[in-house]
Amino acid sequence: MRTVNRNELFAKPEVKGVIEELKTVARRALPDSDFSEREAVMLAVLDEAGRGLLEEELQAIADGFDDRVAVAGIEHKRHEPGTVNYYCLSGVLRVRRYTYRRADVRNGSTVVPLELVAGLAEGATPALAYNVAHGYAQHDMRLHGEALLAAHRTPPPRATLERMAKRLAAVSHEVAPRIEAILRRAEALPDGAHAICVGLDRTSVPMAEERPAGAPEKPRRERRKPRKRCAPKPIDVNFRMPYVGTVSIVNDHGEAIVTRRYAAPACDDPTTLVERMMADVRAAVRRKPSLNVGVVQDGAPEMWNLVRGGLANLRDDGVVASWEEGIDRYHLLERLGNALEIIEPDAAVRSHKLHEWNERLDLKDTAIDSIERELAERCVDLSEAKQNAAMEHLVYIENNKDRMRYVTLSTSGLPIGSGVTESAAKTVVGRRAKNSGQRWSQSGLRGVLTLRAIHQSDRLPRFWNHLSRRYTAVVAEAA
């Protein structure tokens, strides 16, 4: 996003003079009232002055094009006039401009040179377009419109805001892999980088899905008011499991210094998301080949297969020779606690034993083997029902104990928990897509998760610098 250094701008003598003139002129419009009203009027007057100036600027650009122009080197001829509403942070900009059609193609595609020169994105000025993308990454457009009004801005109608946001999100998803590759080339490793840790998880999101023909209707609350419009196609709200991935650069204590977050709806191929994660690993290891690489996540086999497949590709390319793997320590302790509830009736004894096991896991890689044997021995005297319940936890340990060597993880400078990935499921997905009353289409969720993940990865301003170029082109006089 293009920003202005205010200190440098306001230090210029010519700008200081303009500011003094504005103050003198604006003071004449202030009412003889209390300070709060004078403040509100001042903000409104300056806002309207800026809006009018921007409108005149756009009109001057639109009036400056000849009957024929070259757009990105291709000749176009003037097509049809029209007066169109564009939007800025200060309100609507009504501009009369022409569309232009390719001169070498009958009924060819049309463009609007004004939009390409000014960088207007989905009907918004560059500043408003970034504001909408930034806001859509955080909350819905109803809240965003209210926030703009509270800041004494003049937002577009909510339906227009929603349309802008969805289109910007869809374009962001389309170009994200390409722009991320550009961003990685400029991202240096932070000081203290010792290892890189990845993790993959899933969470739930309510999806609005068209009800199959003949399927029974789910119970729903009856309407209190009659419909004023035609009833929409029947839908059901079903919870689906989108993917969330993280790539963290950690210090020698396993603490995350920088984290990149990724997300994709359940309907998308998760291997694409994993490829984007592995691109981060590839870039980091190439900058510092001594980085230890590790995977720490819960025990879901599907997630492990996906991440191992991605790392195997890096190994085949000679980027990494090996990597460490770990089951999230919290998930293991939760399992051990549940197992203790089956074999030990005394709560105090259970608490002491769990604390003892936790300490042993910090001291020896083989601790999980002795814990497994101890649990198996205690199960012998249990009833058949309790033995079956305890066996579930023993099978879990048996299947995953090769990834429960926490001493190795710690000495490699890797974390022993997947808190970064677990929190990403909440911050990237939960806090944006699971609020009261929300339900999503596949395309809508895909776009908003892309923007949200980019924002949560501290990449959005730099991402926007590249995305905004999609809405511009070189427009020159035709030869």
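Here is what the cut-offs are and how they apply
- Residues numbered from 1 in each chain as written.
- Predicted model: local features only at pLDDT ≥ 70, side-chain atom pairs only at ≥ 80, totals over all residues.
- Heavy atoms only, no water.
- Pairing = 2+ DSSP bridges.
- Helix = DSSP H or I, 4+ residues; strand = E, 2+ residues; numbered from the N terminus.
- Axes fitted to C-alpha atoms, helices over the stretch in contact; angles between N-to-C directions.
- Buried < 20%, exposed > 50% of the residue type's maximum accessible area, 1.4 Å probe, protein only.
- Right-handed = clockwise from strand over helix to strand, strands pointing away.
- Salt bridge = Lys/Arg side-chain N within 4 Å of Asp/Glu carboxyl O.
- Phe/Tyr/Trp six-rings, centres within 6.5 Å; stacked < 30°, edge-to-face > 60°.
- Lys NZ or Arg CZ within 6 Å of the ring centre and 35° of its normal.

*Asks:* Looking at this structure, how should I read the sheet that holds strand β9 (residues 256–264)?
*Replies:* In a beta sheet, neighbouring strands pair by backbone hydrogen bonds and run either parallel or antiparallel. A sheet is described by the order of its strands in space; here five strands give the open sequence β9-β8-β5-β10-β11, paired in mixed fashion. Here the strands that pair on one side only, and so sit at the sheet edges, are β9 and β11 (324–327). Geometrically, the sheet is characterised by an average inter-axis angle of 20° between neighbouring strands, direction not taken into account.

*Asks:* Teacher, can you tell me more about the pairing of strand β10 (residues 292–297) here?
*Replies:* For a regular strand, the rule is simple: side chains alternate between the two faces of the sheet. When you tally the buried positions in β10, you get five out of six residues, the bulk of the element. Looking at chain direction, β10 and β11 are connected through four bridges and run parallel. Its bridge partner being in β11, G294 is matched across the sheet by E324. Taken together, β10, helix α9 (residues 301–316) and β11 constitute a β-α-β crossover, and its handedness is right-handed.

*Asks:* Any chance you could explain the pattern of salt bridges here in plain terms?
*Replies:* For side chains of opposite charge, pairing can occur when their charged atoms come near one another. Applying the stated rule across the entire model yields 33 salt bridges. Residues K353 and E374 are paired through a salt bridge, measuring 2.8 Å at the closest nitrogen-oxygen approach. Pair noted here: K353 is in helix α11 (residues 347–363) and E374 is in helix α12 (residues 367–379), with a separation of 21 residues, a long-range link. K353 sits in the buried class, given a relative accessible area of 18%. Residue R360 is joined to E356 by a salt bridge in which the shortest nitrogen-to-oxygen separation is 3.0 Å. Here R360 and its partner E356 are both found in helix α11, four residues apart, which amounts to about one turn of the helix. Here R360 falls in the partly exposed class, since its relative accessible area comes to 21%. Within this structure, E180, R184, E187, R260, R276, D280, R459 and R462 form a network of salt bridges that share partners.

*Asks:* Explain the packing of aromatic side chains to me, please; I cannot follow it from the model alone.
*Replies:* For any pair of aromatic rings, the description consists of the separation of the ring centres together with the inter-plane angle of the planes. Applying the stated criterion to the full structure yields one aromatic pair. Summarising the aromatic geometry, the rings of Y130 and W464 are spaced 5.8 Å apart at their centres and angled 70° between planes, so their arrangement reads as edge-to-face. Within this pair, whereas Y130 is found in helix α5 (residues 126–136), its partner W464 is found in helix α17 (residues 460–467), the two being separated by 334 residues in sequence. The aromatic ring of W304 is capped on one face by R403, whose charged end is 4.7 Å from the ring centroid.

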